[in-house]
Amino acid sequence: MKSVLSIVKKKLSRIFGDKGMDLTVLEKRVIEEPSLVVEELQNSEKLDIKVERLFARACVRAGKNKALILRLKGKQSHHSDPILLNFYVRALQAENDWEEIAQINSSLMVVNKNNALTLMKACLKTGRYDGISEVSQEFEFEGDDKVRAAFILFQALVKQQMHNEAMSIIPQFENTENENIFKWHQLTVKELKELRPADNDWVAFSLARLWFKKRQYISVISVLKPFIGKQFSSSLIKNYIFRYYGESLCNVLSRPALISELTVTVDAAKQHDDLNSFVSLYTGQLNHLNGHFREAVSYFNKSNESDYSLPSDKGAITVRSPEHIEKMLIAKKEKVIFDEANVIADCPMTTVVASDSKYFLLFFDIYQKSFKARNSGYQLHFHIVNPSEAVKVEIDKYRKTAGDINFSYSTAENSTNIKALYASIRFLIVGELLQYYNSPILITDIDVGFSGNLADLKFEEDSADIALKIRDESNLFPWRVIPANTTVFNNTEGAMQFIQYFSNYFYSIYGDGEGSNIWWIDQSALYSLYSYFKEKKGSVVFSNLYESYDIDSLLLFHQPFETKQEFINRVFNEK
């Protein structure tokens, strides 16, 4: 009788040709083309355990987690094989199927000790708090795993309202400098408030973090103010308490009160060597608030990226003074490839959206449907950087049903900060689009839905070279004063000059070492160039969309806490 392995090899030979006779070839294919391996093997009823493992690995590598779950769920084969079990658990995590992980706890504890922490997380997610205590007693964790286990056990005790026991565990994790440990955070504001945040900097930091995400800045200030100038459990907690506090102040206080409180806060931060980045950042902000932009830029640019920076801090390294702008080299224009099937309509203005393939596939349908529902008579244009095959299929599918949207493409080499290019490409190509359409161009983000009508706003009648959303009275960082999500360009010399300077600005930073996060570069460029051209009166004429239009009625923005389906529902249910 033939062995199972020989039968598998014969089957592999049929699928892959002679290459299939060698399992090492299959292993190589799992690395190089995992999706194809999944497609070719997923309907096989029985595979040798070695091939089964390679199939599981291919599923995880290709992101086809559901295929692996469908194959293994309810079967015992993965329970007795630690390698299969590991891939199965990884697939379940990716699909957030914590219930299944919790249900196979006996296998995880007996067969695969490496998944003990995952089991503790699953028990926390599914409310099996006793299971967390059981696992923590069963295994002896070391290093960061020991800290993670303590943090999960702490949360389980809080969920059970065993507050004294929970507080006694905080010293086991409050000194950590590994921020990733706190990503397994499941506590609510209500639960944290019951832990006396005024008495413990870790609780105060965690509570402030939740309020900050909800933009409840006054609450952040109230819980953190008592800790400014005090000693802290760790550099991580210290940095975040100062940063959450500083940015919350900028969001709610009037300028005189803000300058006063920020000055006190910066002086307190100067007493700590590990807050030098914060001191540079907020000394720059104080100069900016006092109207000294050149001096502000000098301090901002010294604010080296901290391990504990907030997302909005990261624009500091990309602002530039007028003197910097004067010295920038002239950048080449982007090469734009226009789709041959494009049709230029006779309309007053063209709306342009640009993105990478991933965002195009996520938001194309939402955007175009909401746009067309409210803006008949206006042209819509999508630009995609590095279009994938899936993008080409989506465009071909759309063209078969409608031909009223135009497309263009460009290519870009991969780099550490290519996401910054994806966000800025709309401003790098808008000059080409102004010439292509010979009409005003409205640029928006792609992850939005239209709730207003362009015909009511009549942007095309604005005589300015460029219309921007300018928060004139804002106390935020400079790179947050002009949101890049809605901008109008007229086909004028002034607009073309601004666009060339934007390209010069972008390429003077992009690709320069690639060591830092430059996500805010588009808004840094808009504000820095706006300030530059305001000094050169008359060369570029600006208008403020906030002052001239009911601009907030035009778009609905996708929120970080919102699922795609929730966003769709909000866009199409908006009255």
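Throughout what follows, the structure given in this document is the object of discussion. Computed from a predicted model, the values in this text were never measured in an experiment. (Residues numbered from 1 in each chain as written. Predicted model: local features only at pLDDT ≥ 70, side-chain atom pairs only at ≥ 80, totals over all residues. Heavy atoms only, no water.)

This paragraph deals with the overall build of the protein. When you go through the protein residue by residue, the secondary structure sums to 28 helices and 10 strands. For the protein, the spread of C-alpha atoms along the principal axes amounts to about 85 × 65 × 45 Å. By element, 48% of the accessible surface of the protein is carried by carbon and sulfur atoms, the whole surface being about 26900 Å². Charged side chains of the protein number 68 positive and 73 negative; the gap between the two group centres comes to 4 Å. (Helix = DSSP H or I, 4+ residues; strand = E, 2+ residues; numbered from the N terminus. Areas by Shrake-Rupley, 256 points an atom, 1.4 Å probe, with all protein chains shown as cover. Lys, Arg positive; Asp, Glu negative; His and termini not counted. Charge placed at Lys NZ, Arg CZ, Asp CG, Glu CD.)

A few words now on the pairing of strand 8 (residues 486-489). Judged by which residues are buried, strand 8 turns out to be covered on both faces: Thr-486 and Val-488 on one side and Thr-487 and Phe-489 on the other are all buried. Of the strand pairs in this sheet, strand 5 (residues 441-444) and strand 8 are connected by 4 bridges, and their pairing is antiparallel. Bridge pairing in strand 8 places Leu-442 opposite Val-488. (Buried < 20%, exposed > 50% of the residue type's maximum accessible area, 1.4 Å probe, protein only. Pairing = 2+ DSSP bridges.)

So, about the packing of helix 23 (residues 418-437) against helix 26 (residues 521-535). Packing of helix 23 against helix 26 leaves a shortest axis separation of 8 Å and a crossing angle of 40 degrees. Here helix 26 runs oblique to helix 23, going by the angle between their axes. Judged by residue contacts, Ala-420, Ala-423, Ser-424, Arg-426 and Phe-427 of helix 23 engage Ile-521, Asp-522 and Leu-526 from helix 26. Taken together, the residues that form the contact of helix 23 with helix 26 break down as 5 nonpolar, 1 polar and 2 charged. (Axes fitted to C-alpha atoms, helices over the stretch in contact; angles between N-to-C directions. Parallel < 35°, antiparallel > 145°, perpendicular 65-115°, else oblique. Contact = heavy atoms within 4.5 Å. Nonpolar A, V, L, I, M, F, W, Y, C, P; charged D, E, K, R; others polar.)

Before going further, it helps to examine the nonpolar core. In this structure, Phe-154, Phe-173, Trp-202 and Phe-489 are the most contacted members of the largest nonpolar core, which totals 131 residues. When residues of this core are assigned to their parent elements, the largest contribution, 12 residues, is made by helix 23. Phe-489 has contacts with Phe-427, Val-430, Leu-434, Pro-440, Ile-441, Ile-443, Asp-465, Ile-466, Ala-495, Phe-498 and Ile-499, leaving out every residue within four places of it along the chain. (Core = buried A, V, L, I, M, F, W, Y, C linked by side-chain atoms within 4.5 Å.)

Turning our attention to helix 2 (residues 23-32). Among the residues making up helix 2, those that are buried are Leu-23, Leu-26, Arg-29 and Val-30. Angularly, the buried residues of helix 2 cover 105 degrees about the axis, an arc narrow enough to put them on a single face. (Arc of directions from axis to C-beta.)

Right, let's get into helix 23. Taking 1.5 Å per residue as the helical rise, helix 23 with its 20 residues ought to reach 28 Å, and the 28 Å between its terminal C-alpha atoms agrees with that figure. Its maximal kink placed at Ser-424, helix 23 deviates by approximately 50 degrees. Taken across its 20 residues, helix 23 has 16 buried, putting it largely inside the fold. Just downstream of helix 23, Asn-438 is the residue with a positive phi angle, here 55 degrees. (Expected span 1.5 Å × (residues − 1). Bend = angle between axes of the 7 residues up to and from the residue.)

A few words now on the pattern of salt bridges. Inspection of the entire model under this criterion finds 28 salt bridges. Between Lys-397 and Glu-394 there is a salt bridge, and its shortest N-O distance comes to 3.6 Å. Here Lys-397 pairs with Glu-394, and both are found in helix 22 (residues 389-401), just 3 residues apart, close to one helical turn. Bridged by salt links that share partners, the residues Arg-29, Glu-33 and Glu-40 form one connected network. (Salt bridge = Lys/Arg side-chain N within 4 Å of Asp/Glu carboxyl O.)

Counted according to the given criterion, the structure contains 52 aromatic pairs. Judged by centre distance (6.3 Å) and plane angle (70 degrees), the ring pair of Phe-173 and Phe-182 falls under edge-to-face. What makes Phe-173 buried here is its relative accessible area of 1%. Residues Phe-205 and Tyr-240 carry aromatic rings whose centres are separated by 6.0 Å and whose planes lie at 25 degrees to one another, so their mutual orientation is stacked. Taken together, the residues Phe-205 in helix 14 (residues 201-213) and Tyr-240 in helix 16 (residues 235-252) connect sequence positions 35 residues apart. The exposure classification of Phe-205 matches that of Tyr-240, with both residues buried. Aromatic rings pair up to connect Phe-151, Phe-154, Phe-173, Phe-182, Trp-202, Phe-205, Phe-212, Tyr-217, Tyr-240, Tyr-244 and Tyr-308 into one cluster. Residue placement shows Arg-71 over the ring face of Phe-55; its charged tip is 5.2 Å from the ring centre. (Phe/Tyr/Trp six-rings, centres within 6.5 Å; stacked < 30°, edge-to-face > 60°. Lys NZ or Arg CZ within 6 Å of the ring centre and 35° of its normal.)

Here we take up the environment of Ser-44. Structurally, Ser-44 is set in the loop between helix 3 (34-41) and helix 4 (49-62). Residue Ser-44 is classed as buried on the basis of its relative accessible area, which comes to 4%. Along the primary structure Ser-44 and Arg-71 are separated by 27 residues, whereas in three dimensions their C-alpha atoms are 9.9 Å apart.

This brings us to the sheet that holds strand 3 (residues 379-385). Strand order in the open sheet made by the 8 strands is 1-4-3-2-5-8-7-9, with mixed pairing throughout. Of all strands in the sheet, those bounded by a partner on one side alone are strand 1 (337-338) and strand 9 (542-544). The strands that helix 23 touches are strand 1, strand 2 (350-356), strand 3, strand 4 (405-410), strand 5 and strand 8; relative to strand 5, the one it contacts most, it runs at about 165 degrees. Lying on the sheet, helix 25 (residues 493-509) is in contact with strand 7 (466-468), strand 8 and strand 9; it crosses strand 8 at an angle near 125 degrees.

Turning our attention to the side chain of Lys-121. Here Lys-121 shows up in helix 9 (residues 116-126). No salt bridge is formed by the buried Lys-121; its nearest oppositely charged neighbour, Asp-145, is found at 12 Å. The residues touching Lys-121, leaving out its near neighbours within four places in the chain, are Trp-98, Ile-152 and Trp-184.

Bringing unusual backbone geometry into the picture now. The backbone of Gln-161 sits at a positive phi, close to 60 degrees, despite the residue not being glycine. Its place among the elements puts Gln-161 in the loop between helix 11 (143-159) and helix 12 (163-169). Although it is not a glycine, Arg-196 adopts a positive phi angle of roughly 55 degrees. Inspection of the secondary structure assignment puts Arg-196 in the loop between helix 13 (189-193) and helix 14.

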